[in-house]
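Structural description and commentary
Listed below are the residues making up each chain.
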Amino acid sequence: MIIPKTREEIELMRESALIVSKTLGMLATEIKPGVTTLQLDKLAEEYIRDHGAVPGFKGLYGCPSTLLTSVNEQVVHGLPTNRPIEDGDIVSVDCGALKNDFYGDHAYTFEIGNVNPETKKLLQITKESLYVGIREFKIGNRVEDVASAIQKFTEAHGYGVVRELVGHGLGRKMHEDPQMPNYGKRGRGKLFVEGMVVAIEPMINMGTKNVRTLKDGWTISTRDGKPSAHFEHDVALVDGKPELLSTFKYIYKALGIESNEEEEFRQVPLVV
């Protein structure tokens, strides 16, 4: 059952989402060759707690960490390790925070040093597909309108769209209805309603769409060993249109990136 949120609840959810956004922005200055994902995990937990929230993932379903960090061919749910990040790696950092009884949850895939052009393009197209999907999150549309848009956009570039893992509704629970897949047919799935909040998160592979779970029981990897990219935003349906609650602007500020990609999804401009 979809649980619509009031305007006041949506603003509380924006607070939670922006704590995650600021955490990712802080990590953008720390994630570099030689650093381990366990070190990043410690920094993230301290930052979230220092900002009046608690880590959203830690303890959820038995998750042992604040972050889920997925490197190169790892798709999502990678547990932090002592393996140093290397030049040329890509690292998906997925983070959650709980504040005022509401969750924020979003993700960004970072380029570490000199990433090869093919992998850079995968990241670019995956991030673009996130906004392609968000544009379809509006009154009158259904779940698979978002899914179909993401699938068509990414498959047109020859990429594989992961089937086993999906986005989701978000609120007082980390995972609410509806499930938000990244593949499907237009006109199918639950109808969107005013006030609903979802996490839209394309998980796109350079090669096959097929994945496998590693021995740790958490980390999901591509079956062919080729890279995978993951980007995620929290989005509310406000006045029939998508309203971003999360932002990549803190990451972009840390990395010196200029972008106006989010502006069409904000009724009130975000000042960073």
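This text goes with the structure placed above it.
Since the model is a prediction, treat every value here as computed from it, not as a measurement.

Quick notes on the sheet that holds strand β3 (residues 74-76)
Spatially, β3-β12-β11 is the arrangement adopted by the three strands of the open sheet, whose pairing is antiparallel. The open sheet terminates on both sides in strands that have one partner only, identified here as β3 and β11 (211-213). Each neighbouring strand pair of the sheet contributes to a mean axis angle of 40 degrees, computed without reference to strand direction.

Looking at the sheet that holds strand β7 (residues 167-169)
The antiparallel open sheet is built from five strands, whose spatial order is β8-β7-β9-β14-β15. The open sheet is flanked by β8 (176-180) and β15 (241-244), the only strands paired with a single partner. Sheet twist, expressed as the average angle between the axes of neighbouring strands with direction ignored, equals 30 degrees. In this sheet, strand β14 (residues 233-238) lies alongside strand β9 (residues 197-200) in antiparallel orientation, the contact comprising four bridges. If you follow alanine 199 over to β14, its bridge partner there is aspartate 234. Most of the contacts of helix α3 (residues 117-134) go to β14, to which it runs at about 15 degrees, and overall it touches β9, β14 and β15. Helix-sheet contacts for helix α4 (residues 143-155) involve β8 and β9, and the interaxial angle to β8 is about 30 degrees.

Regarding the packing of helix α1 (residues 7-28) against helix α2 (residues 37-50)
As a packed pair, α1 and α2 sit with axes 10 Å apart at the nearest point and diverge in direction by 140 degrees. As far as their axial angle goes, α2 and α1 are oblique. The interaxial crossing formed by α1 with α2 has right-handed handedness. In this structure, α1 uses Ile19, Lys22, Thr23, Met26 and Leu27 to contact α2, whose residues at the interface are Leu40, Leu43, Ala44, Tyr47 and Ile48. Tallied by class, the residues present in the contact of α1 with α2 amount to eight nonpolar, one polar and one charged.

Observations regarding unusual backbone geometry
Note the cis peptide between aspartate 177 and proline 178, where omega equals 0 degrees. With respect to the helices and strands, the residue proline 178 is situated in strand β8. Backbone geometry places histidine 77, a non-glycine residue, at a positive phi of 65 degrees. For aspartate 239, which is not glycine, the phi dihedral falls at a positive 55 degrees. On the secondary structure map, aspartate 239 appears in the loop between β14 and β15. For aspartate 239, a relative accessible area of 48% translates into the label partly exposed.

What to know about the pairing of β15
Relative to β15, β14 runs antiparallel, the two sharing four bridges. In the sheet register, valine 235 faces β15, and the bridge partner there is leucine 244.

Let's talk about the layout of surface pockets
When its volume is computed, the largest pocket comes out at roughly 340 Å³. For the largest pocket, the lining is made up of 20 residues, of which Leu68, His77, Asp94, His168 and His175 are closest to its centre. Partitioned by chemical class, the residues of the lining of the largest pocket number eleven nonpolar, four polar and five charged. Considered as a void within the structure, the second largest pocket measures approximately 230 Å³ in volume. Looking at the second largest pocket, it is lined by 15 residues, and the ones nearest its centre are Tyr108, Glu111, Leu123, Lys127 and Ile257. Grouping the amino acids of the lining of the second largest pocket by side-chain chemistry returns ten nonpolar, two polar and three charged.

About the thresholds
Residues numbered from 1 in each chain as written. Predicted model: local features only at pLDDT ≥ 70, side-chain atom pairs only at ≥ 80, totals over all residues. Heavy atoms only, no water. Pairing = 2+ DSSP bridges. Helix = DSSP H or I, 4+ residues; strand = E, 2+ residues; numbered from the N terminus. Axes fitted to C-alpha atoms, helices over the stretch in contact; angles between N-to-C directions. Contact = heavy atoms within 4.5 Å. Parallel < 35°, antiparallel > 145°, perpendicular 65-115°, else oblique. Left-handed = near helix turned anticlockwise from the far one by under 90°. Nonpolar A, V, L, I, M, F, W, Y, C, P; charged D, E, K, R; others polar. Buried < 20%, exposed > 50% of the residue type's maximum accessible area, 1.4 Å probe, protein only. 1 Å grid on protein atoms, 1.4 Å probe; cavity = no way out; pocket = protein on both sides within 12 Å on 5 of 7 lines; lining within 4 Å. Points joined across faces, edges and corners; volume = space filled by probe spheres on them.

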